[in-house]
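Read off the chains here:
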Amino acid sequence: MKKYRLLWSIVRRTHTDKLLYAFLVNLFVVALFITMAEPQITHYGDGLWYTFVACTTIGFGDFAAVTLIGRILTVYMAVNEILLVAIIPGVVVSYYLEVIHRRERESLTVFLDKLEHLPELSEEELREISERVKKLG
């Protein structure tokens, strides 16, 4: 559960949650238009199911778009989902790597600062530096 909170925190900080919300709104609105445009899709639930299946590119075959508007909306939602699946993980990974690099730079700066002031360090701090150097080597 902690990992999901961290992931959601990153998604919110990078503002990709807005992309997710926009996708969900698109999903429900396009499902409504699909229900109105396609003759064999008569219920909103079926339109929602069709739109979901089109987005996930599974294509079960229960329904198929036969009208031009239905086909355009299907392509629109498929492209929308592909972009969403490409953007969100890329942004999250990029943010996470930036945090890791920032922490490495900060710890390296502290380490180098201690090395510059070796005569002023206590024996415990010197032992700590010695252990860190051994781990690096």
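What comes next concerns the included structure. This is a predicted model, so every value here is computed, not measured.

### Some words on the overall build of the chain
- Each helix and strand in the chain was counted, giving five helices and zero strands.
- Beginning at the N terminus, the succession of helices and strands in the chain can be written as α-α-α-α-α.
- Taking 2.2 N^0.38 as the reference for a compact globule, 137 residues should give roughly 14 Å; the C-alpha atoms of the chain span a radius of gyration of 26 Å, well beyond that estimate.
- If you line up the chain on its principal axes, its C-alpha atoms span 85 × 25 × 25 Å.
- The long-range fraction of contacts in the chain, counting pairs at least 24 apart against all pairs at least 6 apart in sequence, stands at 50%.
- One finds the centroid of the 15 positive side-chain charges in the chain at a distance of 3 Å from the centroid of its 16 negative side-chain charges.

### Some details on the nonpolar core
- By size, the foremost hydrophobic cluster in this structure holds 15 residues, and its most contacted members are F23, I34 and M77.
- Put simply, the parts of the chain that give this core at least two residues each are α1 (2-13), α2 (17-37), α3 (44-55) and α4 (68-116).
- Filtering out sequence-adjacent residues up to four positions away, I34 remains in contact with I41, G47, Y50, T51, G70, L73 and T74.

### As for the pattern of salt bridges
- Scanning all chains against the criterion turns up two salt bridges.
- For the salt bridge of R102 with E98, the shortest nitrogen-to-oxygen distance reads 3.8 Å. Separated by four residues within a single helix, R102 and E98 lie in helix α4, roughly one turn from each other.
- With relative accessibility at 42%, the residue R102 sits in the partly exposed group.

Conventions and cut-offs
Residues numbered from 1 in each chain as written. Predicted model: local features only at pLDDT ≥ 70, side-chain atom pairs only at ≥ 80, totals over all residues. Heavy atoms only, no water. Helix = DSSP H or I, 4+ residues; strand = E, 2+ residues; numbered from the N terminus. Rg over C-alpha atoms; globule rule 2.2 N^0.38 Å. Contact = heavy atoms within 4.5 Å. Lys, Arg positive; Asp, Glu negative; His and termini not counted. Charge placed at Lys NZ, Arg CZ, Asp CG, Glu CD. Core = buried A, V, L, I, M, F, W, Y, C linked by side-chain atoms within 4.5 Å. Buried < 20%, exposed > 50% of the residue type's maximum accessible area, 1.4 Å probe, protein only. Salt bridge = Lys/Arg side-chain N within 4 Å of Asp/Glu carboxyl O.

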